[in-house]
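For reference, the chains in residue letters:
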Amino acid sequence: MTLAADSHTDLRDQAVKLIARKRLFSFALPAVILAYCTYIFFAFDILGLAERARWDNASKMISDAYSYKTVVERNNRRGGIAVSVEGERKGTYDATNYPEWVEVGDDTATIALEQGGSIVIDGDLVRFDVPGFGLIAATQTRTDGVTLNLDTNDLPDWINWSSARVSITTDVARLTLTKTRTEVFVYDYGWELFWFTLDSPYYDQSFAEIFFGPRIDPTRSNPVGAWQDFWNNGMWRHGDTAWALFETVLMAFLGTFGAAMIALPLAFLAARNFAPLLVVRMAARRVFDFLRGVDGLIWTILLSRAFGPGPMTGALAILLTDTGSFGKLFSEALENVDNKQIEGIQSTGAKPLQRYRFGVIPQIVPVLLSQVLYFLESNTRSATIIGAITGGGIGLLLTQAMNTHKDWEEVTYYIVLVVLLVMAMDSFSGWLRRKLIKGD
Amino acid sequence: MTDMNATSLDVTRDHYLALTRQRRLYGGLMLLVFVLLLASGFGIANERNAGGFLPGLPQIFDFPAEVVQEAWEKRANMPDHLANAFPALIETINIAAIATLTGGFGAVVLSLLSTRGLAPWPRLIPVFRRIMDLMRAIPEIVTALVLIYVLGGGPVPAAIAIALHTIGALGKLFSEVNENADLKPLEGLASVGATWFQRMVLALLPQVAPNWFSYALLRFEINIRASAILGFVGAGGIGYELKNAISWGQGKFDEAAAVFILLFLSIVFFDQLSSVVRNHLTHGSKKGVSQ
């Protein structure tokens, strides 16, 4: 009787202790997390971040991503008007194909803007008619610099004036005037020249005209010519971009499957049930730990010193890191194989190699295959990142376009392509996994 | 009668052997195609690389040898270099930790919203799933570079970029865990009038917390590597130190060696730590660590 009572109080004590511990834990954990977040708040200087942030960069980036600008430019030293998309040489209009909203005369240009305004460049004089504000006339001379017809002490904040430069920014256009050049930027939606550049005969032709209309270029049939001009588009470089995507996939493919093929035999050495010798097992495991621990970043740096930048370097970096990861995963899978099947094969008189081939491999192939295919998808992402460091594939194009800080529509294009590529690889590897493991 | 049996057996055996031969042929063909793909792939990659594989192979140890040699010559400076680079390492680990923490919370929320049977708005499940897919598909480096342009260099863009990716990656894993949870405790709580939040915290969380924690820990280890890489493109931390030390070239290789050592040791440390803790969580404490 007393014994039962003792054990009863014992249990009660235990329960009370357990609940007290849980209560402590459930209060302590949020407190620790909160304390850590406070530490990070000050360590990362979150307050200073608001001052350092460049929101104008953000709005410029976002508006640039879905719109393009056409530049009407007058060289104020030599005279002469040029009209081009994004101010690039490859996007320069010639006299035959000026956009309809601009009229170019002899050292003059008349630009009709949306919402009813207009800009007239007439030699050194520029007249900007802003609806609801009035006419702004700006001129530049060698002696006086830039002058305005307005009271320069009382300018609205969208006009920026100094004696060397004036810039006027509205929703539809921006005008800058300096001693060297007059520039008008006119904004419009879309990615201009995405399909064809201005020198292509297919520019400004509709889809139906190209495929069903009469031959446009006498030397080539329409679909062939259109494809060639699209592929070799000098501004968007679709051909180079496709190669870059291919290089990225190639890095992921070679790295992943190369690593799997190297790791499989090595994994036998690291598995407890296949390598009875402790020394061998430990050595193999330390090799895997080392390969994984050095990490893709360091491998990339080391290898690019020897092999130079390019897809081979990226593929080898992925291969080395993943040999470590696969070695660990495969050896864990090997440790979990069922011994009965191996014994069954052995009882028919099979040699060790045959035992592995028919007793072990069929058991682990589904596990390994699904891991390898998971890695293939995540390595497509790694290949983009490694490409940005070593200089290969879509990662390189992406960082190049970002470092110039101006072609955000190209950056957007590459980001969309990368996301589509990763998603495609994700569904492809998922499909292959289902097909190879469940089917057959 | 026996005659017929024998012939039918023969037919069956022939059929079986033909089938086996066919299977073997297909398997061999697939293997051949695969090997050809791999070989030609390496050929193309080699061709498009700046330096070839074979000419580069003898030089592969040149750079490590230079670094080791210089580090050894100036080994007296090594403790100083290690101490100098240590704050950067802490920053890298902080980036990974806060990104895993915030990303983990985001993943918990999104995974609950996108698991059938738990979601408060079942019609929106596909929407939340697509959001997670998108977050997972965008490489961290892309988000980080865009954010660096807006927010300036430093740890915050890297932390946000890694956190966003973590939400997508962990959200998928968490929702797979949630799907395997037993719904009976949830129903029990619902029958006594518990709100959605109470049901999640009191009935679901105890079931799934160990698995969530295990995945989050694995992610933390991955995020440390990612945060080192993002430092290399300008987001601060040890990657940035590494880039500086390497671009200085010879004469600074002892600093590079110190960074290499720190990075390697911390990655190995967290790799081992997470594998020990995860083993503990999945197999219980008694079995211990497999070695």
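Residues numbered from 1 in each chain as written. Chains lettered and ligands numbered in written order. Predicted model: local features only at pLDDT ≥ 70, side-chain atom pairs only at ≥ 80, totals over all residues. Heavy atoms only, no water.

A. Geometry of the domain arrangement of chain A. Annotation of chain A at the domain level lists domain 1 (66-189) and domain 2 (238-438). One C-alpha centre belongs to domain 1 of chain A, the other to domain 2 of chain A, and the line joining them spans 55 Å. (Domains from an automatic or database assignment.)

B. Representation of the UniProt feature "domain: ABC transmembrane type-1" (unreviewed entry) in chain A. Taking the UniProt record as the reference, the feature "domain: ABC transmembrane type-1" (unreviewed entry) is found at residues 245-429 of chain A. Between the C-alpha atoms that bound residues 245-429 of chain A there is a distance of 17 Å. The span itself is 88% helix and 0% strand. (UniProt positions renumbered as here; feature names shortened; annotations may be inferred. Helix = DSSP H or I, 4+ residues; strand = E, 2+ residues; numbered from the N terminus.)

C. Quick look at the UniProt feature "domain: ABC transmembrane type-1" (unreviewed entry) in chain B. In the UniProt entry, the feature "domain: ABC transmembrane type-1" (unreviewed entry) is given for residues 89-274 of chain B. Here residues 89-274 of chain B runs as 84% helix and 0% strand, with 18 Å between its end C-alpha atoms.

D. Broad picture of the UniProt feature "transmembrane region" (unreviewed entry) in chain B. All names here are of chain B. The sites that carry the UniProt feature "transmembrane region" (unreviewed entry) are, in the present numbering, residues 25-45, 93-113, 222-240 and 256-277. Overall, residues 25-45 shows 100% helix and 0% strand. The separation of its end C-alpha atoms is 30 Å. Note that residues 93-113 is 100% helix and 0% strand, and that its end C-alpha atoms are spaced 30 Å apart.

E. Representation of helix H9 (residues 339-347) of chain A in the model. The backbone nitrogen of Lys340 of chain A lies 3.2 Å from a side-chain oxygen of the residue at the head of H9 of chain A, namely Asp338 of chain A. Following H9 of chain A by one or two positions, Gly349 of chain A has its phi on the positive side, about 90°. (Polar contact = N/O pair within 3.5 Å; in protein donor to acceptor, adjacent residues only side chain to side chain.)

F. Seen up close, the packing of helix H7 (residues 278-307) of chain A against helix H8 (residues 311-335) of chain A. All names here are of chain A. Put simply, H7 and H8 touch, their axes get as near as 6 Å, and they point 170° apart. What the angle tells us is that H7 and H8 run roughly antiparallel. For the pair H7 and H8, contact is made by Arg285, Phe288, Leu291, Arg292, Asp295, Gly296, Trp299, Thr300, Leu303, Ser304 and Phe307 and by Thr313, Leu316, Ala317, Leu320, Thr321, Thr323, Gly324, Ser325, Gly327, Lys328 and Glu335, respectively. Here the residues of the contact of H7 with H8 are counted per class, giving eight nonpolar, nine polar and five charged. (Axes fitted to C-alpha atoms, helices over the stretch in contact; angles between N-to-C directions. Parallel < 35°, antiparallel > 145°, perpendicular 65-115°, else oblique. Contact = heavy atoms within 4.5 Å. Nonpolar A, V, L, I, M, F, W, Y, C, P; charged D, E, K, R; others polar.)

G. Quick peek at empty space enclosed by the protein. Residues and elements named next belong to chain A. Tallying each qualifying case throughout the model produces one cavity of 30 Å³ or more. When its volume is computed, the largest cavity comes out at roughly 70 Å³. Lining the largest cavity, in full, are Tyr68, Val85, Glu86, Glu88, Trp191, Glu192, Met235, Trp236, Asp407, Glu409 and Glu410. Among the residues making up the lining of the largest cavity, the classes are represented as five nonpolar, no polar and six charged. Here the lining of the largest cavity gathers at least three residues from each of two domains, domain 1 (66-189) and domain 2 (238-438). (1 Å grid on protein atoms, 1.4 Å probe; cavity = no way out; pocket = protein on both sides within 12 Å on 5 of 7 lines; lining within 4 Å. Points joined across faces, edges and corners; volume = space filled by probe spheres on them.)

H. The arrangement of helix H7 (residues 155-179) of chain B in detail. Here H7 of chain B is 25 residues long and its end C-alpha atoms lie 35 Å apart, about the 36 Å a rise of 1.5 Å per residue gives. Counting buried positions over the 25 residues of H7 of chain B gives 19, a clear majority of the element. (Expected span 1.5 Å × (residues − 1). Buried < 20%, exposed > 50% of the residue type's maximum accessible area, 1.4 Å probe, protein only.)

I. Spatial organisation of the interface of chain A and chain B. In this assembly, 70 residues from chain A lie in contact with 65 residues from chain B. Taking both sides of the interface into account, the surface hidden between chain A and chain B amounts to around 6100 Å²; carbon and sulfur atoms contribute 73%. Ranking the residues of chain A by area buried against chain B places Phe44, Phe307 and Met312 of chain A at the top, with a combined share of 11%. Note that Arg48 of chain B is salt-bridged to Glu247 of chain A, the shortest N-O span being 2.4 Å. In terms of residues, the side of chain A that touches chain B owes the most to one element, H7 of chain A, which gives 18 residues. Taken together, the residues that form the side of chain A that touches chain B break down as 45 nonpolar, nine polar and 16 charged. (Buried area = accessible area lost by both parts, 1.4 Å probe. Salt bridge = Lys/Arg side-chain N within 4 Å of Asp/Glu carboxyl O.)

J. Up close: the pattern of salt bridges. Considering all chains together, one arrives at 19 salt bridges over all chains under this definition. Notably, a salt bridge pairs Arg225 of chain B with Asp295 of chain A, separated by 3.0 Å at the nearest N-O pair. Residue Arg225 of chain B is found in helix H9 (residues 196-235), and its partner Asp295 of chain A is found in helix H7; the two belong to separate chains. Just as Arg225 of chain B is buried, Asp295 of chain A falls in that class too. Between Asp133 of chain B and Arg130 of chain B there is a salt bridge; the shortest N-O distance is 3.1 Å. Placement of the pair is Asp133 of chain B and Arg130 of chain B together in helix H5 (residues 125-137), with a separation of three residues, close to one helical turn. Through salt bridges with shared partners, one network takes in Arg286, Asp289, Arg292 and Asp295 of chain A together with Glu221, Arg225 and Asp271 of chain B.

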